[in-house]
Structures are given as structure tokens and as C-alpha cells.
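Residue-level listing of the chains:
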Amino acid sequence: MTLAPLPSSLATTREALHQIAFFAVSPARYKEQGRMGLTATPGGYGSPEFDGRVVRVEGALLVDTQNDNVATQTITTIRAASEFFGHEYEAEWFPDFHDPLSPFDPDQQLDVDDAAGRAIGDWFKFGSDALDELRTHGKEGDDVSEVQLWPEHFDPATELGDYEKGQRASFGASPGDGNHPEPYLYVASWSDVDRSNAFWNEESFNGGSLTYQEIIASSDPHDLALQFLVDGYRILHAG
């Protein structure tokens, strides 16, 4: 798929959609199924199908599909999104998060730009495709996890490698954060890394990253993304 230059509204939209993911979309699945992982969906992100239902965000729109019935609503507030997906807003809906998202005022009007929301959705799809392909490189004993978009982190990610051998890492596709204004791919090692290796270029976490600008400048973005992820995997296994 083609990744385009990013809208200037990316950061404010990302923050708002993270709130919707954590406090509205993921709880809707969790309350029915006891699972909270999300996935890339057309134009955004949402739940895998559960009980014939998919709850998701597409651009600046909330979408609730139940069998053949599709309901939509423009994003306004977190409380309204929660109610649209059939549950009351709760600031603490799961007690065991290690790093829960700090909530906005649930009645605050959210600033969501449709183009920016779709750009985030395109990034999630691009990253998920690369991560799914990375998983095929896992070896026996790696304990390869499925690719999921966790609501507290708001990025699709997978885990590979043997922790006891110092080889395990999280591999993901972040839409950006306080230290990174644009999306990036990352390899975050669970063990110490050799900082003399230029691959480990991150100062904000224990790992390496590849920027959105590097990716879209490539003649083959998917190949570059996959190569970066595989390189991180191989460096950890070589160590």
C-alpha cells in the first residue's frame, strides 16, 4: 500500500483516537469477550469480530457493525463514543494495566480530522502487514505472539525471541508519541543491547527505530520496513 505525506493535524487526532481506543472501543470488546486487543481496520482501527459484531473507528467516524446492520456516528466526546458502542464510560475499566492511559475529560469535545484518522489507519495497516510477515521468521522456541493493537500503547505489535537467551523483543508500528512527532517502526529489546551497534539508535527506549520519512522515501517501503524488523531480530539472535 502507498503511504502519503502526513496531515498537520496528525498529533491532535492521534491523541483523540488513542482516547477513543482505550476508553470506548477496547472496553466494548472486553465487556463481551474478556479480551481487549484491537486490530487495523479500513480507515482506522477496531475490534476483531466477536459475536457477529465489529466496533471500530474509520477516519472521524464511529462504526458499529452487527451482522448486516451498520450504525455510524461522528466522533464528539469519549463518553458519547462509549455510549454509542453500548457501555457506560469508565475511567478504570481494567485494574491490571501497568501503564494505563491518562484520561481526558470524557465530555471534552475531541478534535479529530478525518484525513489524519485515515492516515493513522493506513499506517496501522502498513505496519501490521510488515509485522505479520516478520512473524514467519520466528524460530522454534521464540514464542511468537499474534499481532495486536493494544489500547494502552495504541500501536500494532508482536513479540519474538527467547527471553532467557536475551533475544526477546517487542516489534511494533507506533503512530508517534511525545518523543516522535511522526509514526515509526521500532524494535524494543527486553534485554540490554550493544549500543556500539548503530541499529540501536533510540534514546527514549531500549531499542532502535525507523522513521516514517525514511520509509516513504524508499522505492520499496514495505521491503525496507520488513528488512528493518528482520535486522533487529537477527542482531538479537546473533548476540
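You'll find the structure just up there.
Because the structure is a prediction, the values reported are computed rather than measured.

Engineer: Give a description of the overall build of the protein chain that names residues and reports values.
Structural biologist: Helix and strand counts for the protein chain come out as five helices and 10 strands. The C-alpha atoms of the protein chain give a radius of gyration of 18 Å, which matches the 18 Å a tight globule of 239 residues would have. Principal-axis analysis of the C-alpha atoms gives the protein chain an extent of 50 × 35 × 35 Å. Taken over 239 residues, the protein chain has a buried fraction of 51%. Across the protein chain, the fraction of contacts at a sequence separation of at least 24, relative to all contacts at a separation of at least 6, is 54%. A total of about 11,400 Å² of accessible surface is found on the protein chain, and carbon and sulfur atoms cover 45% of it. With 15 positive and 41 negative side-chain charges, the protein chain shows a separation of 4 Å between the mean positions of the two kinds.

Engineer: Give me unusual backbone geometry: which residues, what numbers.
Structural biologist: Positive phi values are uncommon outside glycine, yet Asp51 reaches one of about 50°. Here Asp51 is to be found in the loop between β2 (44-46) and β3 (53-58). Residue Asp51 is classed as exposed on the basis of its relative accessible area, which comes to 67%. Positive phi, normally seen in glycine, also occurs at Phe154, with a value near 60°. Relative to the helices and strands, Phe154 is located in the loop between β6 (148-150) and β7 (155-160). Given a relative accessible area of 1%, Phe154 falls into the buried group.

Engineer: I'd like a rundown of the pattern of salt bridges, residues and numbers included.
Structural biologist: Counting across every chain of the model gives 10 salt bridges. Among the ionic pairs, Glu146 bridges to Arg35, the shortest N-O distance being 3.1 Å. Of the two residues, Glu146 sits in the loop between α3 (114-135) and β6 while Arg35 sits in the loop between α1 (10-33) and β1 (39-41), which places them 111 residues apart along the sequence. Look at Glu146 and you get partly exposed, because its relative accessible area is 43%. Look at Arg35 and you get partly exposed, because its relative accessible area is 37%. For Lys125, the salt bridge goes to Asp129, with nearest N and O atoms at 2.7 Å. With Lys125 and Asp129 both in helix α3, this residue pair falls four residues apart, about one helical turn. By relative accessible area, Asp129 is classed as partly exposed at 29%. Here the salt bridges share partners, and the residues they tie into one network are Arg56, Glu58, Asp114 and Arg118.

Engineer: Tell me about the sheet that holds β2, and please be specific about residues and values.
Structural biologist: Pairing is antiparallel in the open sheet, where five strands are placed in the order β1-β2-β3-β4-β5. At either margin of the open sheet sits one strand with a lone partner, and together these are β1 and β5 (69-74). Sheet twist, expressed as the mean angle between neighbouring strand axes with direction ignored, is 25°. With six bridges connecting them, β3 and strand β4 (residues 61-66) associate as antiparallel partners. Following the sheet pairing, Val54 is matched in β4 by Thr65. Set on the sheet, α3 makes contact with β1, β2 and β3; between it and β2 the angle comes to about 70°.

Engineer: Report on the sheet that holds strand β8 (residues 169-174), specifying residues and quantitative values.
Structural biologist: The strand order across the open sheet formed by five strands is β6-β7-β8-β9-β10, and the pairing between neighbours is antiparallel. Only two strands of the sheet have a single neighbouring strand rather than two, namely β6 and β10 (207-211). Averaged over neighbouring strand pairs, the angle between their axes works out to 25° when direction is ignored. Note that β7 and β8 share four bridges and pair antiparallel.

Engineer: Can you tell me about helix α5 (residues 221-238), naming the residues and giving the values?
Structural biologist: The end-to-end C-alpha separation of α5 is 25 Å, in line with the 26 Å expected for 18 residues at 1.5 Å each. Those residues of α5 not exposed but buried are Ala225, Leu226, Phe228, Leu229, Val230, Gly232, Tyr233, Leu236 and His237.

Cut-offs and rules
Residues numbered from 1 in each chain as written. Predicted model: local features only at pLDDT ≥ 70, side-chain atom pairs only at ≥ 80, totals over all residues. Heavy atoms only, no water. Helix = DSSP H or I, 4+ residues; strand = E, 2+ residues; numbered from the N terminus. Rg over C-alpha atoms; globule rule 2.2 N^0.38 Å. Buried < 20%, exposed > 50% of the residue type's maximum accessible area, 1.4 Å probe, protein only. Contact = heavy atoms within 4.5 Å. Areas by Shrake-Rupley, 256 points an atom, 1.4 Å probe, with all protein chains shown as cover. Lys, Arg positive; Asp, Glu negative; His and termini not counted. Charge placed at Lys NZ, Arg CZ, Asp CG, Glu CD. Salt bridge = Lys/Arg side-chain N within 4 Å of Asp/Glu carboxyl O. Pairing = 2+ DSSP bridges. Axes fitted to C-alpha atoms, helices over the stretch in contact; angles between N-to-C directions. Expected span 1.5 Å × (residues − 1).

Without other data, these values stay purely geometric and don't point to any function.
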